[in-house]
Amino acid sequence: MNTEFTQVFELTLSEKLLLLEDLWDSIAQTPEQVPVLDWQKEELDKRKATYLLNPNSGSSWEAVKQRIRNGQYGA
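A short tour of the structure in this document, coming up. (Residues numbered from 1 in each chain as written. Predicted model: local features only at pLDDT ≥ 70, side-chain atom pairs only at ≥ 80, totals over all residues. Heavy atoms only, no water.)

Quick notes on the pattern of salt bridges
A side chain of one charge can pair with a side chain of the opposite charge if their charged atoms are brought near each other.
For step 1, the next point in the chain: This structure, assessed with the given rule, holds three salt bridges.
For step 2, the next point in the chain: As a salt-bridge pair, Arg 47 and Glu 43 come within 2.8 Å of each other at their nearest N and O atoms. Taken together, the positions of Arg 47 and Glu 43, both in helix α2 (residues 38–53) and four residues apart, correspond to about one turn of that helix.
For step 3, the next point in the chain: Accessibility expressed as a relative area gives 57% for Arg 47, which makes it exposed.
For step 4, the next point in the chain: Between Lys 65 and Glu 62 there is a salt bridge, and its shortest N-O distance comes to 3.1 Å. With Lys 65 and Glu 62 both in helix α3 (residues 61–69), this residue pair falls three residues apart, about one helical turn.
For step 5, the next point in the chain: Overlapping salt bridges, with partners in common, bring together Glu 43, Lys 46 and Arg 47 in one network. (Salt bridge = Lys/Arg side-chain N within 4 Å of Asp/Glu carboxyl O. Helix = DSSP H or I, 4+ residues; strand = E, 2+ residues; numbered from the N terminus. Buried < 20%, exposed > 50% of the residue type's maximum accessible area, 1.4 Å probe, protein only.)

Without other data, these values stay purely geometric and don't point to any function.
Okay, structure coming up:
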């Protein structure tokens, strides 16, 4: 383990979550630097093609949120 970061493991859960949020925010500031692998691009292309063949096959964001809130994750 890198001794430079061992103090991170001594943080409280709340502090760790805040640190994690700050890290994600810093990454989001430069999305062009986040690598997208070829298999990820291929998967996105497949999903887009599937959607274009049948745009009504998916669910709206509102419907998805409602299912999550009702505990119906896989439905």
